[in-house]
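This is what each chain is made of:
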Amino acid sequence: MSDTISVSQVIDKFASRFCPENAVGVNTCYQFILDDAEDFYLDIANQQCHAVRGEHDDPDITLITDSETFIRIVNGETDGMSAYLKGSLRAEGNIMLATKLSKLFKR
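Residues numbered from 1 in each chain as written. Predicted model: local features only at pLDDT ≥ 70, side-chain atom pairs only at ≥ 80, totals over all residues. Heavy atoms only, no water.

**Overview of helix α2 (residues 67-74)**
What sets the pattern is the α-helix's 3.6 residues per turn: residues three or four places apart point alike.
Link 1 in the chain: Among all positions in α2, only S67, T69, F70 and I71 are buried.
Link 2 in the chain: Of the surrounding secondary structure, the elements contacted by the buried residues of α2 are α1 (7-17), β1 (28-34), β2 (40-45), β4 (61-65) and α3 (80-86).
Link 3 in the chain: For α2, the capping residue at the N-terminal end is D66, with a side-chain oxygen 3.1 Å from the backbone nitrogen of E68.
Link 4 in the chain: G76, located one to two residues past α2, shows a positive phi value of around 85 degrees. (Buried < 20%, exposed > 50% of the residue type's maximum accessible area, 1.4 Å probe, protein only. Helix = DSSP H or I, 4+ residues; strand = E, 2+ residues; numbered from the N terminus. Contact = heavy atoms within 4.5 Å. Polar contact = N/O pair within 3.5 Å; in protein donor to acceptor, adjacent residues only side chain to side chain.)

**Regarding the pairing of β4**
Link 1 in the chain: Summarising burial for β4: five of the five residues are buried, a large majority.
Link 2 in the chain: Of the two faces of β4, the one lined by I61, L63 and T65 and the one lined by T62 and I64 are each fully buried.
Link 3 in the chain: With five bridges connecting them, β1 and β4 associate as parallel partners. Looking at β4, one finds that Y30 is bridged to I61. (Pairing = 2+ DSSP bridges.)

**Things to note about the sheet that holds strand β5 (residues 90-93)**
Link 1 in the chain: What the five strands build is an open sheet, ordered β3-β2-β1-β4-β5; its pairing is mixed. Both outer strands of the open sheet, β3 (48-53) and β5, are each paired with one neighbouring strand and no more. Strand-to-strand twist across the sheet, computed as the mean angle between neighbouring axes with direction ignored, equals 20 degrees.
Link 2 in the chain: Its contacts with the sheet put α1 on β1, β2 and β3, and the angle it makes with β3 is roughly 155 degrees.
Link 3 in the chain: Against the sheet, α2 engages β1, β2 and β4, with an angle of about 110 degrees to β4. (Axes fitted to C-alpha atoms, helices over the stretch in contact; angles between N-to-C directions.)

**Considerations on the side chain of Q31**
Link 1 in the chain: Note on placement: Q31 falls in strand β1.
Link 2 in the chain: You can call Q31 buried: its relative accessible area is 2%.
Link 3 in the chain: A polar atom in the side chain of Q31 sits 3.2 Å from the backbone oxygen of G54.
Link 4 in the chain: Residues within four places of Q31 in sequence aside, it is in contact with D39, F40, Y41, G54, E55, H56, P59, I61, T62 and L63.

**Description of the layout of surface pockets**
Link 1 in the chain: In this model, the largest pocket occupies a volume close to 840 Å³.
Link 2 in the chain: Counting residues per element, the ones that place at least two in the lining of the largest pocket are α1, β4, α2, α3 and α4 (96-101).
Link 3 in the chain: Here the residues of the lining of the largest pocket are counted per class, giving 17 nonpolar, six polar and five charged. (1 Å grid on protein atoms, 1.4 Å probe; cavity = no way out; pocket = protein on both sides within 12 Å on 5 of 7 lines; lining within 4 Å. Points joined across faces, edges and corners; volume = space filled by probe spheres on them. Nonpolar A, V, L, I, M, F, W, Y, C, P; charged D, E, K, R; others polar.)

Below is the structure:
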């Protein structure tokens, strides 16, 4: 069930689930704005990932949703594209980066 993990736990686990071999040449910042939880961003460069709480000054893409949708996407219960098409996930900036996000992390 999606309520068994918190947004904070997900943020803490991003680095351990990162697949550096899939991030060759990736130098980007993913900002996550969650309506009902803390905001954070993923700074990916040099095949490393840093999850940072707060807001980045100039992210390449901003993904906006609520914590329930975010957790369901992370857990694989909901596809990110489906959430986007249903309006429960918004993207601003370079939206093509959103399609690459799932390849950078293992479940």
